[in-house]
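Descriptive structure summary
In case you want the letters, here they are:
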Amino acid sequence: MKISLHPLGKTLCIAGVAAGAVLSANIASADTILGIYGGVGTWTTNIDGSLGIDDEPITTNELGMSADDSVFFYIALEHPIPLIPNIKLHHSSLKSNGQAVVEREFTWDEITFPADTDTTTVIDFTQTDITLYYEILDNWVSLDVGLTAKVLDGTAYAFAEQEGLDPIEETVELTGALPLLYGMARIDLPLTGAYVAGHINYISYDNSTISDIDVKVGWLFESVLDVGAELGYKQLKLELSDFEDSNADLTFDGPYLNLALHF
C-alpha cells in the first residue's frame, strides 16, 4: 500500500500568505557577496509514538523499536540579489528497527497481526528539505523566513512468524512532497565566533501536523575558509491522520553534532 502525502487547499493558502509576507518585508539586508554554507554530521535519534488504524494503535514501545543514528548533510547558497530567494538543501536518513512478542492483536495497514506473535518491524525513510528563503536581518542578529518542500521517501514494514501457518507481512510506502513554513533565527556573540541559533519547519492541515525543529550552539574559526562545529538538539514530529485509513504519530528526537563550513 502506498500513502501519498499531497496536502493542498489550506497549504496553498498558507503558502500564498507566507510568500506575500516575505515579499512585503524588508529584504534589503541581503548578502553583499556570494556565500556558501555547508555541514555534515550525525544525529543520535530516539523514536517514540504509534502507528495503525485501531482505536488503540500499536506503540513503538510494544514493538520494541529503537532508532539508528542518522547521518545528515546540508548546503546553502546566499547571494546579493534581493528579490531572488536564497536556497538550502538538507538531507538525512532515518531507520528504526523493532523485535518483540506483541501481546495483543493489532492492525498494520490492512493486515491484522494476532496476539502473542513474534513481530519484526522496520521504519526506513529519507527526508530531503529544499528551502527557498529570504534574509530579513543579517548582522549580529539574523532572521530568515521562507518555504520548504520536504520530500519523504521510505517504508514502514511489519513481519510476523506463525507456527504452522504462513508468515504475515505488510509494507506501507511513505512517499510524497510536503510544503512547510520555514524560519531561522541566529544570534552571534561579537568577537568570539560563537553563536546560538534555531530552525523550524511547520505545517498543520486536516488533523495532521508536521514539525521539524532544532536549536544549537556553534563556533566558527574565521579565516579564508571558516571552519567550526555545532552541537544541537533536533526533533521531527509526524502526526499523520486518515491517510487511506492509516494513522501515524511518530517523534524522532535527540542531540546532534556536525562540522560547519562557510566560504
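About the cut-offs
Residues numbered from 1 in each chain as written. Predicted model: local features only at pLDDT ≥ 70, side-chain atom pairs only at ≥ 80, totals over all residues. Heavy atoms only, no water. Helix = DSSP H or I, 4+ residues; strand = E, 2+ residues; numbered from the N terminus. Buried < 20%, exposed > 50% of the residue type's maximum accessible area, 1.4 Å probe, protein only. Contact = heavy atoms within 4.5 Å. Areas by Shrake-Rupley, 256 points an atom, 1.4 Å probe, with all protein chains shown as cover. Salt bridge = Lys/Arg side-chain N within 4 Å of Asp/Glu carboxyl O. Pairing = 2+ DSSP bridges. 1 Å grid on protein atoms, 1.4 Å probe; cavity = no way out; pocket = protein on both sides within 12 Å on 5 of 7 lines; lining within 4 Å. Points joined across faces, edges and corners; volume = space filled by probe spheres on them. Polar contact = N/O pair within 3.5 Å; in protein donor to acceptor, adjacent residues only side chain to side chain. Core = buried A, V, L, I, M, F, W, Y, C linked by side-chain atoms within 4.5 Å.

Looking at the overall build of the protein
If you tally the helices and strands in the protein, you get one helix and 16 strands. Taking all 263 residues of the protein together, 44% fall into the buried category. A separation of at least 24 residues holds for 64% of the contacts in the protein among residues at least 6 apart in sequence. When the accessible surface of the protein is split by element, carbon and sulfur atoms take 62% of a total near 13,100 Å².

Considerations on unusual backbone geometry
One non-glycine residue, D116, lies in positive phi territory at about 60°. Note that D116 resides in the loop between strand 9 (111-113) and strand 10 (117-138). Residue classification places D116 among the exposed positions, given a relative accessible area of 58%. A positive phi is found at L191, a non-glycine position, where the angle reads about 70°. Accessibility expressed as a relative area gives 92% for L191, which makes it exposed.

Here we look at the pattern of salt bridges
Summed over all chains, the structure comprises eight salt bridges. For D129, the salt bridge identified is with K150, shortest N-O distance 3.0 Å. Of the two residues, D129 sits in strand 10 while K150 sits in strand 11 (residues 141-162), which places them 21 residues apart along the sequence. Here D249 makes a salt bridge to K237, at a shortest N to O gap of 3.6 Å. Note that D249 is positioned in strand 16 (residues 246-262) and K237 in strand 15 (residues 226-243), a separation of 12 residues in sequence. One salt-bridge network, held together by shared partners, links D129, K150, D212 and K234.

Structural notes on the side chain of T60
Relative to the assigned elements, T60 resides in the loop between strand 4 (58-59) and strand 5 (65-67). Setting aside its immediate chain neighbours within four residues, T60 contacts I47, D48, G49, M65 and L250.

Side note on the environment of P179
Structurally, P179 can be placed in strand 12 (residues 165-189). Separated by 50 residues in sequence, P179 and D129 have C-alpha atoms that sit 9.6 Å apart.

Describing the pairing of strand 12
Pairing of strand 11 with strand 12 involves 21 bridges; the strand directions are antiparallel. When the bridges of strand 12 are listed, V145 appears paired with G183. Note that strand 12 and strand 13 (residues 194-205) share nine bridges and pair antiparallel. Residue L181 lies in a different strand from strand 13, and its bridge partner there is Y202. Connecting strand 12 to the next strand, strand 13, in antiparallel fashion are four residues, including L191 with a positive phi near 70°.

Section: empty space enclosed by the protein
For the coordinates displayed, the defined rule picks out five cavities of 30 Å³ or more. What the largest cavity holds in volume is close to 250 Å³. What lines the largest cavity is a set of 18 residues, and nearest its centre among them are K88, H90, H199, D214 and K234. Elements with a minimum of two residues in the lining of the largest cavity: strand 6 (70-78), strand 7 (86-102), strand 10, strand 13, strand 14 (208-221), strand 15 and strand 16.

A word on the layout of surface pockets
Its boundaries defined by the atoms lining it, the largest pocket holds a volume of some 880 Å³. If you trace the largest pocket, you find 39 residues lining it, with Y37, R186, D188, L220 and H262 closest to the centre. Considering every element that reaches the lining of the largest pocket, the biggest residue donor is strand 12, with five residues.

Focus: the side chain of K150
Residue classification places K150 among the buried residues on the basis of a relative accessible area of 0%. Polar contacts involving the side chain of K150 include one to the side chain of Q127, which spans 2.7 Å.

With respect to the nonpolar core
Ranked by size, the top nonpolar core spans 38 residues in total, and within it W108, I123, F125 and F252 carry the most contacts. Sequence-distant contacts of F125, that is, excluding residues within four places in its chain, are made with S93, L94, L152, D153, G154, L236, L238 and F252.

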